[in-house]
Amino acid sequence: SGRWARAMAILREVEEKCGTPISKLRQVADAMTVEMHAGLASEGGSKLKMLISYVDNLPTGDEKGLFYALDLGGTNFRVLRVQLGGKDKSVVNQEFDEVSIPPHLMTGTSEELFDFIATALAKFVATEGEGFHPAPGRQRELGFTFSFPVRQLSISSGTLIKWTKGFNIEDAVGQDVVGELTKSMEKIGLDMRVAALVNDTIGTLAGGRYHNQDVAAAVILGTGTNAAYVERAHAIPKWHGLLPKSGEMVINMEWGNFRSSHLPLTEYDQALDVESLNPGEQIFEKIISGMYLGEIVRRVLSRMAEEADFFGDTVPPKLQIPFILRTPDMSAMHHDTSPDLRVVGGKLKDILEISNTSLKMRKVIVELCDIVATRGARLSAAGIFGILKKLGRDTVRDGEKQKSVIALDGGLYEHYTKFSACMESTLKELLGGEIAESIVIEHSNDGSGIGAALLAASHSQYV
Ligand code: ADP
Ligand code: MG
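Residues numbered from 1 in each chain as written. Chains lettered and ligands numbered in written order. Predicted model: local features only at pLDDT ≥ 70, side-chain atom pairs only at ≥ 80, totals over all residues. Heavy atoms only, no water.

1. Things to note about the confidence of the model for the chain
Close reading of the predicted structure is inappropriate where its pLDDT is low.
Phase 1: Averaged over every residue, the pLDDT of the chain is 95; residues scoring 70 or more account for 100%.
Phase 2: On the interface metric, ipTM, the complex scores 0.99, and its pTM is 0.95. (pLDDT = per-residue confidence, 0-100.)

Pasting the structure below:
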């Protein structure tokens, strides 16, 4: 019928606009490399902030003692304690707790958010028991993973540049987040020193390096997306401080804010961006990460309902609600292997209150999920390829096969199997035969929490 043809026309157009042929991915990777250079050359020189982390030494394995970590960066925050055993003993003991952030705190005041965090941390500290040994007479120390763009002032302080991922707490922008947390901890009498303030990418890099010395970069694919890597200090023209002894500096790219004319963007992406909390910003993130993939799918389905009566004569009201279709639900539909696609049918019914969908319609929805996820996965591979190019690790040099490990973490990477598989195969495709064998992607399971604790240990006031 005419309706079906119109719906298919919308689908085919999305498919075409989301296309990521390998030639386009190479252009994206090259643009990423160019922007990396520009961001390292001068402050404000690029959409990529290429933030200096003040981490010039990654964990060695010698770190010892009891350390805490706190991870704030999405819908949950995690508190963690680890007992580090030092040489050859690694992590002797660890415990964590996860607390979800009440949504009203994500757009309230800075004081309310940090009071809430400090209180949860204090509760967790109060449960410290057997297997954890604070050194007598010493203050407890914390690594604070804060996954928003921060201009670091030192390893243990930094001001918030802007919020992302659905947070919007105006009075916190420009403030030292460690100062804010410390104030809240003092208010309730929690005696703890923030020894390191890090981004989750830096934490993941540190956690990854602790287990594998070949880790060269870390990528987060979760609610948002970002990457960090180890740069040679003399290749950072905007760094005017002393060159670190190690000759290295870890850079937080803030790649979520990358954009390029080569990115395949659709009218749906444009509308999503305009209506977002941060229009014009985080464009790469908005086509790749977990916060947005389901919402892109919803927007296309909504168009198909409006212009092609895809779900019948009326537009299902629930389909008009922004962010109602979450990426985990999209993922569940995409992975549906039942012959009648009953997971798809169930999700449509439960979330969008659309019943009586035909198999043919369900197939269209799976195809749409595939189009949107494939674009995100292939673009993340292009981003990683860009980093490898910047590091000169994208080809075999002097016949030497140096192994490079990329530490990956985040709920999207971990749970959206089709996404991760596509990302990994695309990276191999970009690298080509010989070198592909020496580039390894490793899942760094909650590396960022452990990583922050490790960095707190190496920046302890007692070492
Ligand atoms: P954050 O990025 O907030 O620190 P995570 O790394 O745990 O937290 O990632 C959570 C995000 O991962 C969710 O917002 C969601 O988008 C995505 N995610 C979680 N589970 C799934 C799933 N089963 N399928 C697809 N995406 C998922
Ligand atoms: Mg996280």
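Next comes the rest of the write-up.
2. A short note on the site of ligand 1
Phase 1: Near ligand 1 lie 14 residues; those nearest to it are Gly74, Thr223, Gly290, Gly410 and Gly411.
Phase 2: Side-chain polar atom of Thr223 to an oxygen atom of ligand 1: 2.6 Å apart, as the coordinates give it.
Phase 3: Contact with the protein chains hides 71% of the accessible area of ligand 1, taken as 570 Å² for the molecule alone.
Phase 4: Taken together, the residues of the shell around ligand 1 sort by class into 4 nonpolar, 10 polar and no charged. (Near = heavy atom within 4 Å. Polar contact = N/O pair within 3.5 Å; in protein donor to acceptor, adjacent residues only side chain to side chain. Areas by Shrake-Rupley, 256 points an atom, 1.4 Å probe, with all protein chains shown as cover. Nonpolar A, V, L, I, M, F, W, Y, C, P; charged D, E, K, R; others polar.)

3. Section: helix α5 (residues 200-211)
Phase 1: Over its 12 residues, α5 runs 17 Å from end to end, which matches the ideal 16 Å to within 8%, given 1.5 Å per residue.
Phase 2: Burial within α5 is extensive, with 11 of its 12 residues counted as buried.
Phase 3: Taken as a whole, α5 has its buried residues at Asp200, Thr201, Ile202, Gly203, Thr204, Leu205, Ala206, Gly207, Gly208, Arg209 and Tyr210. (Helix = DSSP H or I, 4+ residues; strand = E, 2+ residues; numbered from the N terminus. Expected span 1.5 Å × (residues − 1). Buried < 20%, exposed > 50% of the residue type's maximum accessible area, 1.4 Å probe, protein only.)

4. Brief notes about the nonpolar core
Phase 1: One finds Met253, Trp255 and Ile384 to be the most contacted residues of the largest nonpolar core, which totals 89 residues.
Phase 2: With 17 residues, the top contributor of residues to this core is helix α11 (residues 359-390).
Phase 3: Residue contacts for Trp255: discarding those within four places in its chain leaves Met32, Leu48, Val219, Thr225, Asn226, Ala227, Phe284, Ser380, Gly383, Ile384 and Ile387. (Core = buried A, V, L, I, M, F, W, Y, C linked by side-chain atoms within 4.5 Å. Contact = heavy atoms within 4.5 Å.)

5. A look at the packing of helix α1 (residues 2-17) against α11
Geometrically, a packed helix pair is captured by the angle between its two axes and the distance between the axes.
Phase 1: Contact geometry for α1 and α11: axes closest at 10 Å, N-to-C directions at 15°. Comparing their axes, α11 and α1 come out roughly parallel. In this structure, α1 crosses over α11, and the sense of that crossing is left-handed. Residues Trp4, Met8, Leu11, Arg12, Val14 and Glu15 of α1 touch α11, and the partners they reach there are Lys360, Met361, Val364, Glu367, Leu368 and Ile371.
Phase 2: Per-class residue counts for the contact of α1 with α11 are 8 nonpolar, no polar and 4 charged. (Axes fitted to C-alpha atoms, helices over the stretch in contact; angles between N-to-C directions. Parallel < 35°, antiparallel > 145°, perpendicular 65-115°, else oblique. Left-handed = near helix turned anticlockwise from the far one by under 90°.)

6. Details of empty space enclosed by the protein
Phase 1: Summed over all chains, the structure comprises 2 cavities of 30 Å³ or more.
Phase 2: Considered as a void within the structure, the largest cavity measures approximately 90 Å³ in volume.
Phase 3: In this structure, the largest cavity is lined by Leu51, Ile52, Ser53, Phe146, Phe148, Val150, Gln152, Leu197, Val198, Asn199, Ile202 and Asn252.
Phase 4: Elements supplying a minimum of two residues to the lining of the largest cavity: β1 (51-52), β6 (150-154) and β8 (192-198).
Phase 5: The calculated volume of the second largest cavity comes to roughly 30 Å³.
Phase 6: Forming the boundary of the second largest cavity are Glu13, Val14, Lys17, Thr266, Glu267 and Tyr268.
Phase 7: Contributions of two or more residues to the lining of the second largest cavity are made by α1 and α6 (267-274).
Phase 8: For the lining of the second largest cavity, the class distribution of residues is 2 nonpolar, 1 polar and 3 charged. (1 Å grid on protein atoms, 1.4 Å probe; cavity = no way out; pocket = protein on both sides within 12 Å on 5 of 7 lines; lining within 4 Å. Points joined across faces, edges and corners; volume = space filled by probe spheres on them.)

7. A short note on the pattern of salt bridges
Phase 1: Taken as a whole, this structure holds 31 salt bridges when the rule is applied.
Phase 2: A salt bridge links Glu141 to Arg193, with the nearest nitrogen and oxygen atoms 2.7 Å apart. Here Glu141, found in strand β5 (residues 140-146), pairs with Arg193, found in strand β8; they are 52 residues apart in sequence, far enough to count as distant.
Phase 3: For Glu141, a relative accessible area of 3% puts it in the buried group.
Phase 4: Among the ionic pairs, Asp329 bridges to Arg326, the shortest N-O distance being 3.2 Å.
Phase 5: One connected set of salt bridges, linked through shared partners, spans Glu275, Glu295, Arg298 and Arg299. (Salt bridge = Lys/Arg side-chain N within 4 Å of Asp/Glu carboxyl O.)

8. Digging into the sheet that holds strand β9 (residues 215-221)
Phase 1: Reading across from one edge, β1-β11-β10-β9-β12-β13 is the order of the 6 strands in this open sheet, with mixed pairing throughout. The outermost strands of the open sheet, each flanked by one partner alone, are β1 and β13 (439-443).
Phase 2: Pairing analysis gives 5 bridges linking strand β12 (residues 404-409) to β13, with the strands arranged parallel. Bridging across to β13, Val405 finds its partner in Val440.
Phase 3: This element, α11, spans β9, β10 (225-232), β12 and β13 of the sheet and lies at about 10° to β10. (Pairing = 2+ DSSP bridges.)

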